[in-house]
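The primary structure of each chain is shown beneath.
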Amino acid sequence: MVVVGPLPSGVAAPEPSLVSGNTLAELGGEWTVDLNGKQVTTPLKAWEELGTASFAGPATYRKQFTATAAPAGKRVFLEMADVHEYARVKLNGKELEGHAWPPYRWDVTNAVKAGSNDLEVEVRTTAGGRGGFGGGAPPAAAAAPGAAGAAGAAGGRGGRGGRGQAAPGAAGAPGAGAAGAGGQAAMIGTGASARGRGSAPPPTSGLLGPVRLVAR
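Residues numbered from 1 in each chain as written. Predicted model: local features only at pLDDT ≥ 70, side-chain atom pairs only at ≥ 80, totals over all residues. Heavy atoms only, no water.

(A) Expanded view of the overall build of the protein chain. Secondary structure assignment for the protein chain yields 2 helices and 12 strands. Counting from the amino terminus, helix and strand elements in the protein chain follow one another as β-β-β-β-β-β-β-β-β-β-α-α-β-β. Each of the 216 residues in the protein chain was classed as buried or not, and the buried ones make up 28%. A separation of at least 24 residues holds for 77% of the contacts in the protein chain among residues at least 6 apart in sequence. (Helix = DSSP H or I, 4+ residues; strand = E, 2+ residues; numbered from the N terminus. Buried < 20%, exposed > 50% of the residue type's maximum accessible area, 1.4 Å probe, protein only. Contact = heavy atoms within 4.5 Å.)

(B) Geometry of the environment of Gly51. As for its placement among the helices and strands, Gly51 is situated in the loop between strand S3 (38–42) and strand S4 (59–67). As for Gly51 and Asn36, which are separated by 15 residues in sequence, their C-alpha atoms are 9.6 Å apart.

(C) Region of the structure containing the packing of aromatic side chains. Overall, the coordinates contain 2 aromatic pairs when judged by the stated rule. Between Trp31 and Tyr61, the ring centres sit 6.3 Å apart and the planes meet at 80°, which makes this aromatic pair edge-to-face. Remark: Tyr61 occurs in strand S4 and Trp31 occurs in strand S2 (residues 31–35); sequence separation between them is 30 residues. Per residue, the accessibility class of Trp31 equals that of Tyr61, and both read buried. Judged by centre distance (5.2 Å) and plane angle (50°), the rings of Trp47 and Phe55 are tilted. With respect to burial, Trp47 and Phe55 carry one shared label: buried. Its end group placed over the ring of Phe77, Arg216 keeps NZ or CZ at 4.2 Å from the ring centre. (Phe/Tyr/Trp six-rings, centres within 6.5 Å; stacked < 30°, edge-to-face > 60°. Lys NZ or Arg CZ within 6 Å of the ring centre and 35° of its normal.)

(D) Structural view of the pattern of salt bridges. This structure, assessed with the given rule, holds 8 salt bridges. Note that Glu79 is salt-bridged to Arg212, the shortest N-O span being 3.2 Å. With Glu79 in strand S5 (residues 76–80) and Arg212 in strand S12 (residues 211–215), this pair connects stretches of sequence that are 133 residues apart. Residues Glu79 and Arg212 agree in their burial class; the two are buried. Several salt bridges share partner residues, and in doing so they unite Glu79, Arg105, Arg212 and Arg216 into one network. (Salt bridge = Lys/Arg side-chain N within 4 Å of Asp/Glu carboxyl O.)

(E) Structural detail: the sheet that holds strand S10 (residues 115–124). Spatially, S3-S2-S4-S10-S7-S8 is the arrangement adopted by the 6 strands of the open sheet, whose pairing is antiparallel. Each end of this open sheet is capped by a strand with a single partner; those strands are S3 and strand S8 (94–99). Direction aside, the axes of adjacent strands within the sheet are offset by 20° on average. Sheet topology places S2 next to S4; 3 bridges connect them, and they run antiparallel. (Pairing = 2+ DSSP bridges. Axes fitted to C-alpha atoms, helices over the stretch in contact; angles between N-to-C directions.)

(F) Examining the sheet that holds S12 more closely. The strand order across the open sheet built from 4 strands is S1-S12-S5-S9, with neighbouring strands paired in antiparallel fashion. The open sheet has two edge strands, strand S1 (22–26) and strand S9 (104–107), and neither has a second partner. Strand-to-strand twist across the sheet, computed as the mean angle between neighbouring axes with direction ignored, equals 25°. Here 4 bridges tie S1 to S12, and the two strands are oriented antiparallel to one another. Its bridge partner lying in S12, Asn22 is registered against Ala215.

In structure tokens:
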């Protein structure tokens, strides 16, 4: 959502992904991840680094962690700095709402407890959000070289028809030139498309962290 001008009354100011507070737990280290039909134990990293280049989710992250008691009068929040793109949280069996954009922050005051806690995070993404065709033209564009060549050949045949008095060799020359030009244009277009694909940023998917429990 883009708002131009003053914010409407009742709308809160934008929030950063991570804010200051008393950190009760840093959820780093190893996570158990159910990813594309397999279960792995790994630090938080992109799905692409785990060999799932075309996976859109869902992936389920699980972690058991220990938290200290929150200071009196403080609320407790679970915060994730970087998620691509949708996350849903379950803490100690209590399901919380899903978030599809920053800040990825959940009020877990009524779900967290001092001592051992069980966290589950379900993450989903989309093929479009993961780069689609990699920034290049869609597969249909692959027909362009053949089409350009056919157009050039058609130009050659037209040239021969318009020069009925010319020798066959001379009549063929214009057509060949047109076909060659068409083929060259197709090659240039293909090269540009390839450059576009090569320049696209690599897709990044999943829960990337850091993740922490903070009281404020």
